[in-house]
Protein chains: 4
Amino acid sequence: MKDWKAKWHEIIFEADTKEGKLFDVILLWLIVGSVILVMLGSVESLNQRFGLLFNNLEWIISTLFSIEYLMRILVLKRPMKYVISFYGVIDLLSLVPKYLSIFIAGSHALIALRSLRLLRMFRILKLGTYVGESNKLMTALIASRTKISVFLFAILILCTILGTVMYLVEDNSSGFTSIPRSIYWAIVTMTTVGYGDIAPQTVVGQFIASIMMIMGYGIIAIPTGIVSSEIVKQQPGKASLNTQSCPNCGAEKHDTFAKFCYRCGERLEG
Amino acid sequence: MKDWKAKWHEIIFEADTKEGKLFDVILLWLIVGSVILVMLGSVESLNQRFGLLFNNLEWIISTLFSIEYLMRILVLKRPMKYVISFYGVIDLLSLVPKYLSIFIAGSHALIALRSLRLLRMFRILKLGTYVGESNKLMTALIASRTKISVFLFAILILCTILGTVMYLVEDNSSGFTSIPRSIYWAIVTMTTVGYGDIAPQTVVGQFIASIMMIMGYGIIAIPTGIVSSEIVKQQPGKASLNTQSCPNCGAEKHDTFAKFCYRCGERLEG
Amino acid sequence: MKDWKAKWHEIIFEADTKEGKLFDVILLWLIVGSVILVMLGSVESLNQRFGLLFNNLEWIISTLFSIEYLMRILVLKRPMKYVISFYGVIDLLSLVPKYLSIFIAGSHALIALRSLRLLRMFRILKLGTYVGESNKLMTALIASRTKISVFLFAILILCTILGTVMYLVEDNSSGFTSIPRSIYWAIVTMTTVGYGDIAPQTVVGQFIASIMMIMGYGIIAIPTGIVSSEIVKQQPGKASLNTQSCPNCGAEKHDTFAKFCYRCGERLEG
Amino acid sequence: MKDWKAKWHEIIFEADTKEGKLFDVILLWLIVGSVILVMLGSVESLNQRFGLLFNNLEWIISTLFSIEYLMRILVLKRPMKYVISFYGVIDLLSLVPKYLSIFIAGSHALIALRSLRLLRMFRILKLGTYVGESNKLMTALIASRTKISVFLFAILILCTILGTVMYLVEDNSSGFTSIPRSIYWAIVTMTTVGYGDIAPQTVVGQFIASIMMIMGYGIIAIPTGIVSSEIVKQQPGKASLNTQSCPNCGAEKHDTFAKFCYRCGERLEG
């Protein structure tokens, strides 16, 4: 019995064995399928025509997800740790709405929460050749974490102040009806998104907005510069180095064109 | 006869000879002309005045393109390979609608597919001084292919999840009528395009949208950083090396400050 | 008495002692609280329900800010210098509207100016681990100050000229009613914000706008490049140096490949 | 007489002497003033109140510009070269509309062309400390000219093809009334401007638009990467080098911490 648990634990939670990988792949496609199903079901015209089919497929997927959820709890020694973990809560949230919809009308819409399970898709990045690259990206992001925090903090303060100023300058009629709404507009403008649902109408407002846009246009350079320099730093000259080590002294990081060890003068094997 | 085929094969498919280059240039201008013709023909007011002229010119270009298409098939040893190739299908698609328009009314609009032939314009990049530069750009893009895939994959998952959340949060009245539409909105927002045809109206929705915009504003740094570092890497460290070679062993790429050869220890002549 | 002043001066104006830090932290939270209060008070629906509560809380915060303002004046030797300083004016501006609102109806809205005190939040960046990172960012920005000025100057001239041209090209009906408004549109377009409240309707106008967008899309590369290169420069070449020091003269920062000291020619120990 | 011409030639066309600089500065402020005047005159409400004042000031500026134009012709040996030059045409264009407005009603609006004279503002960049920085920017832009041309060329072909496809996919009702207009939309979308005056309504259209946005979001990385790498290349390690040269052998580019010449071992003078 213990072996059975251990084996299934490996299949469900690890991705090292053949079965473990297969389980991961099947689960990922099931998640993608369930999300597409929810997406199609939310389109009114499709729901009217294929509503019954969608409903049946959703029950099948919900059943499979329920089995998976129970399995996860069964094979773990301390299942509570999983249940209250981030993924545990998401897995439960993707099940409950379907069962709730039997008793409570309208709760069915919450099935859309199932899309949160897509976060598991990031496991794919751990499955194949993407490991190295995604690690490099993560390293660059983590290394520039503090710089980016400082930057976002400054942006938020700037948007709050400028949003408040615009609230004083602009009439309510042009959409600046409250300070939170004006700050929302300031963010929309500084990030160069620019919906246009709220837009300044007065001359002073348009002048301030112009300054904000040019600022936002220049400020975007900062996070880009931060991340660029981190990624550049990651490969310092490695591209021009070969991987052989000196047979005499073991020195590494020889230049690609080196024939002799730079440390002891020993001839390097091609 | 075989020589005739070989000669025309060179003219049509290669760009090394004088005739081959001339053929390419004429073809490219013909494609540009045909696309401009289609563009002008789609403007209602111009079509009413010059409709007959446009129609005649289109017939002339269609005839020339037909001749070119037949020539390509004739001079090739295995024409089927061309016919089912990417460019072969496009070349055919740019011919058919004009002939179809004789029999089926309304099919004329498909003549716009002719603009796909513009893809041949990228051959220009192989004609002249642009070769080196476009190669460098392509190398940088290909080298950062995996990193950019990881990045786009993460963006898509993020947009799907956030679009679904917005569908739950926002009313139908503000444009979030289905999940696919909400995901479309999420992409419009994260990429800082911001049409404004769909825009959040509730406080919670605007709050989530604000976070998404700032995220999108920061995330744009990642592909930029990736491509920047690749282009920077293409000239690795050359700037910090001097041009002298060792008088003893001839080693090059010494550091600017080096007094002794890194390879044989010989004193370097300044 | 003098000691009392000196002690409080340290608490209020410095952040080196325990009490000084505490004072700063309490003040910052008070500022954040007061700004949130003003934000909530500007939302019509919340103001109708909680108006009395908001008013009372604002009086409490105004009193605390008044005490802080008086303290600052009391403990300084030359208080006028503070009063007419940037922060001094902001501190006063955040007090006056509340007292004015007793006498003059409508002046209450100016209380939003209190959000300017958020600028003090930047002091947080001097409190903790963010010092280094924010210094680096500031250094990069200051180093690229001249380049960015040149860039912004060029952008402004370009927007003025192109805005004026669009005013001549476009009808008043599409929103280009005056030159300043057209320049505002040009800035909205070049910075890729794109509200859409003003948009070209004529063919010529859309053609010019297209060119402007592509220009703006390309021009954004310039500030990014400037800041990127400054941040990259901050760690110049350290990655390509090894950590060994010369056994003879103690020189450091040798090249990774160096076998001999660049300073005295001594053989380096691997 | 010849001396008089030579002196004024230096004042008007050069900026090396004191008088030459003064002339440039006065001219630049006059141009700025005249552009502001045209801007204010285009605002309907201001024009109704201050119309007479604006008209008088415009006559004064036009007279001064006329004198300057005549002077430029007088002092030059081959005035025709100036008259048909780029700046010569602009200078004339800024004069003519005012005189024309006496005879032809409505021609007055063309006075806005005067804003083209702002291009002379770029001379400021040659006056002061901005020379070096603007030269560096120009060098970086010129060095990356070919790469950016390739890039813009690819963008234009892409927008033409995708715009045409959208014309076929979308109804006329959503704004895609002609192919040029659809291409305009494609540029608005790819550059992340996103006015929203034209926006896809069909599911297929929104799907294609989503792909275009993500492409545009990624593609912006390319010009940024190009310019960044050029600017980075401009200062290869110079920051860490001092400016002294060896008193013995004249070697330069010593490291900042170098006490002895890296080439001949001579002691460097601090």
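Residues numbered from 1 in each chain as written. Chains lettered and ligands numbered in written order. Predicted model: local features only at pLDDT ≥ 70, side-chain atom pairs only at ≥ 80, totals over all residues. Heavy atoms only, no water.

*Asks:* Looking at this model, I keep getting lost on the overall build of chain A. Mind explaining?
*Replies:* Secondary structure summary: chain A contains twelve helices and zero strands in total. The helix and strand sequence of chain A, counted from the amino end, reads α-α-α-α-α-α-α-α-α-α-α-α. Look at the contacts in chain A between residues 6 or more apart in sequence, and 51% of them connect residues 24 or more apart. For chain A, the computed accessible surface area is about 13400 Å², with 66% contributed by carbon and sulfur atoms. (Helix = DSSP H or I, 4+ residues; strand = E, 2+ residues; numbered from the N terminus. Contact = heavy atoms within 4.5 Å. Areas by Shrake-Rupley, 256 points an atom, 1.4 Å probe, with all protein chains shown as cover.)

*Asks:* Honestly, the interface of chain A and chain C in this entry has me stumped. Any pointers?
*Replies:* Accessible area lost upon the coming together of the parts serves often as the stated size of an interface. With 52 residues of chain A in contact, the opposing surface of chain C contributes 55 residues. For the pair chain A and chain C, the summed buried area comes to about 4600 Å², and 75% of that belongs to carbon and sulfur atoms. Counting every contact that joins chain A to chain C gives six residue pairs in polar contact (both at pLDDT 80 or more). Those elements that provide at least two residues to the side of chain A that touches chain C are helix H9 (145-169), helix H10 (179-190), helix H11 (203-219) and helix H12 (221-234) of chain A. For the side of chain A that touches chain C, the element with the highest residue contribution is H9(A), accounting for twelve residues. Residue composition of the side of chain A that touches chain C, grouped by class: 28 nonpolar, 19 polar and five charged. (Buried area = accessible area lost by both parts, 1.4 Å probe. Polar contact = N/O pair within 3.5 Å; in protein donor to acceptor, adjacent residues only side chain to side chain. Nonpolar A, V, L, I, M, F, W, Y, C, P; charged D, E, K, R; others polar.)

*Asks:* Looking at this model, I keep getting lost on the packing of helix H3 (residues 44-75) of chain B against helix H5 (residues 86-93) of chain B. Mind explaining?
*Replies:* The axes of two packed helices give the description: the angle between them and the distance between them. Residues and elements named next belong to chain B. Contact geometry for H3 and H5: axes closest at 10 Å, N-to-C directions at 150°. Handedness of the crossing formed by H3 with H5: left-handed. When H3 is examined against H5, the residues Glu68, Tyr69 and Arg72 are found in contact with a partner set consisting of Gly88, Asp91 and Leu92. (Axes fitted to C-alpha atoms, helices over the stretch in contact; angles between N-to-C directions. Left-handed = near helix turned anticlockwise from the far one by under 90°.)

*Asks:* Would you mind showing me how to read the domain arrangement of chain A here?
*Replies:* With domains assigned, chain A is organised as domain 1 (2-131) and domain 2 (136-233). The C-alpha centroid of domain 2 of chain A is placed 37 Å from the C-alpha centroid of domain 1 of chain A. (Domains from an automatic or database assignment.)

*Asks:* What is the right way to look at the confidence of the model for chain A in this model?
*Replies:* Parts of the prediction with low pLDDT should not have their coordinates interpreted in detail. All names here are of chain A. Mean pLDDT for chain A: 80, with 82% of residues reaching 70 or above. For chain A, the element scoring lowest by mean pLDDT is helix H7 (residues 124-127), at 62; H10 scores highest, at 92. Throughout residues 236-243 the model reports pLDDT below 50, and contacts reaching past four residues in sequence, or to other chains, amount to eleven contacts. Here the predicted complex carries an ipTM of 0.79, next to a pTM of 0.81. (pLDDT = per-residue confidence, 0-100.)

*Asks:* How do you make sense of helix H11 (residues 203-219) of chain D when you look at a structure like this?
*Replies:* Along an α-helix, residues three or four apart share an orientation, since each turn contains 3.6 residues. Residue and element names in this part refer to chain D. Spanning 17 residues, H11 covers 24 Å between terminal C-alpha atoms, matching the ideal 24 Å at 1.5 Å per step. Within H11 the residues assigned to the buried category are Gly205, Gln206, Ile208, Ala209, Ser210, Met212, Met213, Ile214, Gly216, Tyr217 and Ile219. By the N-cap criterion, in which a side-chain oxygen at the helix start approaches the backbone nitrogen of a residue two or three places on, H11 is capped by Thr202, the distance to Gly205 being 3.0 Å. (Expected span 1.5 Å × (residues − 1). Buried < 20%, exposed > 50% of the residue type's maximum accessible area, 1.4 Å probe, protein only.)

*Asks:* Even after reading the chapter, I still don't get the environment of Arg117(C), so can you show me in this structure?
*Replies:* Residues and elements named next belong to chain C. Mapped onto the fold, Arg117 is located in the loop between helix H6 (96-103) and helix H7 (124-127). According to the relative accessible area criterion, Arg117 is buried, its value standing at 1%. Along the primary structure Arg117 and Asp91 are separated by 26 residues, whereas in three dimensions their C-alpha atoms are 6.8 Å apart. Those residues in contact with Arg117 that lie beyond four places of it in its chain are Leu27, Ile31, Phe65, Glu68, Ile90, Asp91 and Ser94.

*Asks:* Please clarify how the relation of the copies chain A and chain C should be interpreted in this entry.
*Replies:* One chain copy maps onto the other through a rotation about an axis and a shift parallel to that axis. It takes a turn of 90° to lay chain A on chain C, together with a shift of 0.0 Å along the axis; the resulting RMSD is 0.1 Å. Here the two chains are linked by the operation of a four-fold rotation axis. Comparing interface residues between copies, only 13% of those in chain A also sit at the interface in chain C, which points to a heterologous contact through distinct surfaces. (Least-squares fit on C-alpha atoms with pLDDT ≥ 70 in both.)

*Asks:* Whenever I open this one, unusual backbone geometry confuses me. Can you help?
*Replies:* Outside of glycine, negative phi angles account for most residues, and trans bonds account for most peptide bonds. One non-glycine residue, Thr192(B), lies in positive phi territory at about 60°. Locating Thr192(B) in the fold gives a position in the loop between helix H10 (179-190) and helix H11 (203-219).

*Asks:* Help me understand a nonpolar patch on the surface, please; the structure alone is not making it clear to me.
*Replies:* All names here are of chain A. Together, Leu92, Val96, Tyr99, Leu100, Ile102, Phe103 and Ile104 make up a nonpolar patch on the protein surface, roughly 640 Å² of accessible area in all. At five residues, helix H6 (residues 96-103) tops the list of elements feeding residues into the nonpolar patch. Within the fold, Leu100 resides in helix H6. (Patch = residues over 30% accessible without salt bridge, like charges linked within 9 Å, V, L, I, M, F, W, Y side chains within 5 Å. Salt bridge = Lys/Arg side-chain N within 4 Å of Asp/Glu carboxyl O.)

*Asks:* Just to check I follow, could you spell out H12(A) for this structure?
*Replies:* Residue and element names in this part refer to chain A. With 14 residues, H12 should reach 20 Å at 1.5 Å per residue; the first-to-last C-alpha distance of 20 Å fits that figure. Counting buried positions along H12 yields twelve of 14 residues, so the element is predominantly enclosed. Among the residues of H12, those classed as buried are Ala221, Ile222, Pro223, Thr224, Gly225, Ile226, Val227, Ser228, Ser229, Glu230, Ile231 and Gln234.

*Asks:* It is not clear to me how a negative patch on the surface should be interpreted in this structure. Could you clarify?
*Replies:* Together, Glu10(A), Glu14(A), Asp16(A) and Glu19(A) give the surface a local cluster of negative charge. Within the secondary structure layout, Glu10(A) lies in helix H1 (residues 2-13). (Lys, Arg positive; Asp, Glu negative; His and termini not counted. Charge placed at Lys NZ, Arg CZ, Asp CG, Glu CD.)

*Asks:* Got a minute to help me understand the pattern of salt bridges in this structure?
*Replies:* Opposite charge on two side chains allows them to pair when their charged atoms are near. Residues and elements named next belong to chain A. In this structure the tally under the stated criterion is 20 salt bridges over all chains. For Glu68, the salt bridge is made with Arg117, and the minimal N-O distance between the two is 3.0 Å. One end of the pair, Glu68, is in helix H3 (residues 44-75); the other, Arg117, is in the loop between H6 and H7, and 49 residues separate them in sequence. We note that Glu68, like Arg117, is buried. Salt bridges sharing partners connect three or more residues here, namely Glu68, Arg72, Asp91, Arg117 and Arg120.

*Asks:* Help me out: how do you make sense of the layout of surface pockets in this one?
*Replies:* A probe as big as a water molecule, rolled over the atoms, marks out the empty space that is left. All names here are of chain C. Roughly 1600 Å³ of internal volume is contained in the second largest pocket. For the lining of the second largest pocket, the element with the highest residue contribution is helix H11 (residues 203-219), accounting for nine residues. Here the residues of the lining of the second largest pocket are counted per class, giving 39 nonpolar, nine polar and two charged. (1 Å grid on protein atoms, 1.4 Å probe; cavity = no way out; pocket = protein on both sides within 12 Å on 5 of 7 lines; lining within 4 Å. Points joined across faces, edges and corners; volume = space filled by probe spheres on them.)

*Asks:* Looking at this structure, how should I read the environment of Ala209(B)?
*Replies:* By the secondary structure assignment, Ala209(B) is in helix H11. Remark: the alpha-carbon pair of Ala209(B) and Met166(B), spanning 43 residues in sequence, is separated by 8.5 Å. Once residues lying within four places of it in the same chain are set aside, the contact partners of Ala209(B) are Tyr184(A), Trp185(B), Thr189(B) and Pro200(B).

*Asks:* Sorry if this is basic, but what is going on with the packing of H9(A) against H12(A) here?
*Replies:* All names here are of chain A. Between H9 and H12, the shortest axis-to-axis distance is 10 Å and the interhelical angle comes to 180°. In terms of orientation, H9 lies roughly antiparallel with respect to H12. Along the contact surface, H9 presents Lys147, Ile148 and Phe151, while H12 presents Ile222, Pro223, Ile226, Val227 and Glu230. (Parallel < 35°, antiparallel > 145°, perpendicular 65-115°, else oblique.)

*Asks:* For this particular structure, what's the right way to read the packing of aromatic side chains?
*Replies:* If you walk through the whole model with that rule in mind, you get 28 aromatic pairs over all chains. On the numbers, 5.9 Å between centres and 50° between planes, the contact of Tyr69(D) with Tyr82(D) is tilted. Here the residue Tyr69(D) occupies a position in helix H3 (residues 44-75), and Tyr82(D) occupies one in helix H4 (residues 79-83), the gap between them amounting to 13 residues. For the pair Tyr69(D) and Tyr82(D), one class covers both residues: buried. Across the ring face of Tyr87(B), the terminal group of Arg120(B) is positioned such that the distance to the ring centre comes to 4.9 Å. Looking at Arg117(C), its charged tip hangs above the ring of Phe65(C), at a distance of 4.5 Å from the centre. (Phe/Tyr/Trp six-rings, centres within 6.5 Å; stacked < 30°, edge-to-face > 60°. Lys NZ or Arg CZ within 6 Å of the ring centre and 35° of its normal.)

*Asks:* When you look at the nonpolar core in this model, what are you seeing that I'm missing?
*Replies:* Within soluble globular proteins, side chains that are nonpolar tend to cluster in buried spots. Membership of the largest hydrophobic core comes to 206 residues, with the highest contact counts inside it found for Trp185(A), Trp185(B), Trp185(C) and Trp185(D). Considering each element in turn, this core owes the most residues, ten residues, to H9(A). Core analysis: the second largest hydrophobic core is formed by 25 residues, Leu27(A), Met71(A), Leu95(A) and Ile161(B) among them. (Core = buried A, V, L, I, M, F, W, Y, C linked by side-chain atoms within 4.5 Å.)

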